[in-house]
Amino acid sequence: MSRFINSRLGQLEEYVPGEQPRDMQYIKLNTNEFPYPPAPAVLERINTDEVAALRLYSDPTVRTLREKIAAHYQTSPENVFVGNGSDEVLNFAFLVFGTDGVRFADITYGFYPVFAALYDLPVAIAPLRQDFTVDPADYIGCGQMVVLASPNAPTGLCLQKADVIKILESNPDHVVVIDEAYVDFGAESMVDLTKTHENLLVVSTFSKSRALAGARVGFGIGDAALIRDLNRIKNTTNPYNINRLSMAAAEAAMDSQSYYDEKIRELKSTREHTKESLREMGFFVTDSLANFLFAAHETIGGQALYEALKNRGILVRHFSAPRIDGFVRITIGTPQQMEILLRQIKEILENGG
């Protein structure tokens, strides 16, 4: 780093995204991308006319997309904020609402501690239970901004609505953020609670179930006052935060829900088949309701399995944190990809690595 950097920022620990190697063709099951292409309407929408319009700025209000999101989630456009990926929504939430500190789990999305450190916020870590579930008591009346992912990453486990209500009502003066990046794969959404709880912000993304990871579009749903707070920060940093092509793609995706519903059903079927097959091979696998599985085997460590699969052209994700270093997180791909994965894992176990 240069000698000019702010000394505090120079000490930040950066978020490490999933690897994107280019040395060979891999089956990529490490970054939770959707295995199917965007809806045909998305491909049709990104046409030469849209490209020609790139000479013009995008709509800073993101009006049409907010209207489509609001209609889908049965809320109002004033209750919708659109960000450059859900990470931007989370980033702004930490900045705006985290003054009294932030509380989140010890095993969860790795960007939470990065955002907290970026803004020098007090952090309280609440360990997950032994079975990787959240203990709601850790968040009741905590007097801080609460950030919980449901389904959680990398475990794939979900929150119960009754528990979320308890957390919300016991922290009336602090925002509760529920990160629903993976909710469409089988979990219960908390969006309806935003109509009765002014301190709830639900964050989601087009990167997972709508196959637009490369477009970088996310959104938050909450009380209109919370949304105005987020827009204030957006408009003081980057008012044109969603580019024209990404906006057009997201609008077309919102008009194509039946396509995505069908593909999600296929993915869920593949997930359940893969989970049962791994368990038959002796793996412990959490009951994930996300588009990934979290698995460990007593005869091979997580790092060893990750390396053995990479050597065979398959990428999965391994985390080195002490409580989960025996696990790998496996994105659900196409049925064909998962059959290759299962065959390779069986061979690895039979050959001892």
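Residues numbered from 1 in each chain as written. Predicted model: local features only at pLDDT ≥ 70, side-chain atom pairs only at ≥ 80, totals over all residues. Heavy atoms only, no water.

**Brief notes about the layout of surface pockets**
By rolling a water-sized probe across the atoms, one finds the places where empty space is left. The volume enclosed by the largest pocket comes to roughly 1200 Å³. Along its surface, the largest pocket is lined by 46 residues, and Tyr15, Val16, Tyr109, Gly110 and Arg317 are the ones closest to its centre. Looking at the lining of the largest pocket, the elements with two or more residues in it are α4 (85–97), β3 (102–105), α5 (111–118) and β12 (317–318). The dominant element in the lining of the largest pocket, judged by the number of residues it contributes, is α5, at three residues. Residues that form the lining of the largest pocket fall into these classes: 23 nonpolar, 12 polar and 11 charged. Its volume calculated, the second largest pocket comes out at about 180 Å³. Around the second largest pocket sit Lys28, Leu29, Glu33, Phe34, Pro35, Thr331, Ile332, Gly333, Thr334 and Gln337, which together line it. For the lining of the second largest pocket, a count of residues per class yields four nonpolar, four polar and two charged. (1 Å grid on protein atoms, 1.4 Å probe; cavity = no way out; pocket = protein on both sides within 12 Å on 5 of 7 lines; lining within 4 Å. Points joined across faces, edges and corners; volume = space filled by probe spheres on them. Helix = DSSP H or I, 4+ residues; strand = E, 2+ residues; numbered from the N terminus. Nonpolar A, V, L, I, M, F, W, Y, C, P; charged D, E, K, R; others polar.)

**A look at the packing of α4 against helix α7 (residues 224–237)**
At their nearest, the axes of α4 and α7 sit 10 Å apart, and the two run at 105 degrees to each other. When the interaxial angle is binned, α4 and α7 end up roughly perpendicular. Touching Val89, Phe92, Ala93, Leu95, Val96 and Phe97 of α4 are Leu226, Asp229, Leu230, Ile233, Lys234 and Thr237, all from α7. Considered class by class, the residues forming the contact of α4 with α7 number nine nonpolar, one polar and two charged. (Axes fitted to C-alpha atoms, helices over the stretch in contact; angles between N-to-C directions. Parallel < 35°, antiparallel > 145°, perpendicular 65-115°, else oblique. Contact = heavy atoms within 4.5 Å.)

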